[in-house]
Amino acid sequence: MNREYVERTKEKLPEMTKGLKKVGRYLLSEPIVFAIHPAKKVGSMIDVSETMVIRFCHYIGYRGYSELQKEVRHHLMNLENIKDKESILTKENNFKHFIEEDVKNLKQMKNIIDVDVLNDVVEKILESEKVVVAGYYHSFSFAHWFSFNLNYILGNASLFRPESDAGVLELMSKNSCIIIFSFFRYAVDTIRLTEEAKKIGVPVIVITDSWASPAAEYADFVISIYSSENTNVLLQKGPITMSVMNSILSELIDQVQDRGKVPPTFKYYIKDGED
C-alpha cells in the first residue's frame, strides 16, 4: 500500500516533462531524500524549483508534498508493507529467507562499493594520531564494535561517550579523525557532532545509508550503505554495515603489519603459532 508512489511514478514517467522526470527519477533512486527534507530542500538538491517538486506530487495524484512524504516515510520504515510480510510468511523457512535476502544485499553492495573511497578511509585512519568513533541509538552498536576492534589494531581509537566526552573534539589535532555512524532516522546529536568536527577542522568519515543523509553534508569521506526495498530498513543494514566495517578492519590489519606499526594490543589478531 505504501509503495504506491513507486508505481504511480513509473506509470507517469514516460509522459512527464523534463523537469518532472528529473524529480521522478530522483524519487525512485533516492526516496530517503524525500522522507527527511522539505520540498524546497529537495528542489535545491535536484536543481529544480520547489514549485516543480510540488507540481510533480500533483501530477502523480497527491494533494501535496506532505502527503507524498508521509507515504515515502512509511515505505522506508516498512510500517505498512503488508504484501511483503505476507509473502515472507508463506515461505517454508523464514530463517533461510532472511539469510538469502542478506546475501543478495551483500552481493549488491559488493558491486556498487567505491573501493577508492575505502582506500582513502583506511589511509586517513592509519595516518591519524587519534581516532574517535561515534554513533547514537541503533547506530551505537556499530560504533562500539568498530571502535573496540580499531583500538586493538591501532591502539589509538576510542568510543565517543556524550555523557563524559563533551569538548573532546577541541582536544583533537587536525591530524586525527572522527568516524560517524548515522542511519535513518538520524540522531540530531550525531549531526551536531559532525558539524562541530567540520568547523574545528577534524577530518570526518561518515558511514550512513544515503548520500543525502544530514551528516554526509559535513563529511570528508562518505561510505553509503546499500539499502534494498524488499526488506526491513532497520534490520537489513546490520549485515551490510558489519561486512563493510570488517573489510576496512582487515585492510588495516594488513597495512599495519606491512608498515611495521604494530601496537602491543595487536597481539589480539596474531594467529596461533606466529611470533
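Residues numbered from 1 in each chain as written. Predicted model: local features only at pLDDT ≥ 70, side-chain atom pairs only at ≥ 80, totals over all residues. Heavy atoms only, no water.

Things to note about the environment of Pro 38
Cut-off, in case you're wondering: Here a strand is any run of E in DSSP of at least two residues, a helix any run of H or I of at least four, and the numbering for each starts at the N terminus. Contacts are assigned to residue pairs with any non-hydrogen atoms lying within 4.5 Å of each other.
Following the sequence through the fold, Pro 38 ends up in the loop between helix 3 (31–36) and helix 4 (39–46). Ignoring sequence-local partners within four residues, the contact set of Pro 38 consists of Tyr 65 and Gln 69.

Looking at the side chain of Lys 124
How we decide: Buried means the residue's accessible area, taken with a 1.4 Å probe over protein chains only, is under 20% of the maximum for its type, while exposed means over 50%, and partly exposed covers the values in between.
Residue position: Lys 124 is located in helix 9 (residues 115–127). A residue is classified by how much of its surface remains accessible, and Lys 124, at 15% relative accessible area, is buried. Apart from the residues lying within four places of it in its own chain, the contact partners of Lys 124 are Cys 177, Pro 203, Ile 205 and Phe 221.

Re the packing of helix 1 (residues 4–12) against helix 6 (residues 65–77)
The condition is simple: To define axes, lines are fitted to C-alpha atoms, for helices over the stretch in contact only, and angles between the resulting N-to-C directions are given on a 0 to 180 degree scale. Any angle that falls under 35 degrees is termed roughly parallel, while one over 145 is termed roughly antiparallel, one within 65 to 115 roughly perpendicular, and all others oblique. Here the term charged refers only to Asp, Glu, Lys and Arg, the term nonpolar to Ala, Val, Leu, Ile, Met, Phe, Trp, Tyr, Cys and Pro, and the term polar to all other amino acids, Gly among them.
Contact pair helix 1 / helix 6: the axes reach a minimum separation of 9 Å and the direction vectors enclose 120 degrees. As far as their axial angle goes, helix 6 and helix 1 are oblique. Seen from helix 1, the contacting residues are Glu 4, Tyr 5 and Val 6; seen from helix 6, they are Leu 68, Glu 71, Val 72 and His 75. Of the residues contributing to the contact of helix 1 with helix 6, the split by class is 4 nonpolar, 1 polar and 2 charged.

Description of the environment of Met 16
In this fold, Met 16 is placed in the loop between helix 1 and helix 2 (18–29). Taking relative accessible area as the criterion, Met 16 reaches 6% and is therefore assigned buried. The sequence separation of Met 16 and Phe 56 amounts to 40 residues, and the corresponding C-alpha distance is 9.0 Å. In this view, Met 16 contacts Thr 9, Lys 21, Phe 56, Tyr 59 and Ile 60; residues no more than four positions away in its chain are not counted.

Details of empty space enclosed by the protein
Cut-off, in case you're wondering: The definitions used throughout rest on a 1 Å grid laid over the protein atoms alone, on which a cavity is an enclosed set of points accommodating a 1.4 Å probe that cannot get out and a pocket is an open set flanked by protein within 12 Å on both sides along at least five of seven lines; lining residues are those having an atom within 4 Å of a point. Grid points are joined across faces, edges and corners, and a volume is the space filled by probe spheres set on the points.
Within this structure, the stated rule accounts for 1 cavity of 30 Å³ or more. Each pocket or cavity is described by its volume, and for the largest cavity that value is around 40 Å³. Contributing to the lining of the largest cavity are Tyr 136, Tyr 137, His 138, Ser 139, Phe 181, Ser 182, Phe 183, Arg 185, Tyr 186, Ala 187 and Thr 190. Per-class residue counts for the lining of the largest cavity are 6 nonpolar, 4 polar and 1 charged.

Here's the deal with the pairing of strand 1 (residues 131–135)
Note the cut-off: The pairing criterion is simple: DSSP has to find at least two bridges between the two strands. Here, the term right-handed applies to a crossover whose path from the first strand over the helix to the second runs clockwise when the strands point away from the viewer.
When you tally the buried positions in strand 1, you get 5 out of 5 residues, the bulk of the element. Residues of strand 1 alternate between two faces, with Val 131, Val 133 and Gly 135 on one and Val 132 and Ala 134 on the opposite face, all of them buried. In the sheet, strand 1 pairs with strand 2 (residues 157–159) via 3 bridges, with the strands oriented parallel. In the strand pairing of strand 2, Val 131 is matched with Ala 157. Tracing the backbone out of strand 1, into helix 10 (residues 140–154) and back to the parallel element strand 2 gives a crossover that is right-handed. Bridging between strand 1 and strand 3 (residues 177–182) involves 5 bridges; their strand directions are parallel. Bridging from a neighbouring strand, Val 133 pairs with Ile 179 of strand 3.

Quick notes on the pattern of salt bridges
Put simply, the test is: Salt-bridge detection follows one rule: a side-chain nitrogen of Lys or Arg within 4 Å of a carboxyl oxygen of Asp or Glu.
Under the defined criterion, the tally for this structure stands at 7 salt bridges. Here Glu 195 ties to Lys 199 by a salt bridge, and the two come within 3.7 Å at their closest N and O atoms. In this pair, Glu 195 and Lys 199 both sit in helix 11 (residues 188–200), 4 residues apart, roughly one turn of the helix.

Observations concerning helix 11
Put simply, the rule reads: A helix's residues, less one, multiplied by 1.5 Å, set its expected span. By definition, the arc is the one covered by directions from the helix axis to the C-beta atoms.
An ideal rise of 1.5 Å per residue puts 18 Å on 13 residues; helix 11 measures up with 19 Å between its terminal C-alpha atoms. Residues Thr 190, Ile 191, Leu 193, Thr 194 and Ala 197 constitute the buried set of helix 11. Buried positions in helix 11, seen along its axis, are confined to an arc of 160 degrees and lie on one side of it. Those residues of helix 11 that are exposed and aimed more than 90 degrees away from the buried face are Arg 192 and Lys 199. At its buried positions, helix 11 is contacted by strand 1, strand 3 and strand 4 (204–208). Count one or two residues on from helix 11 and you reach Gly 201, which has phi positive near 105 degrees.

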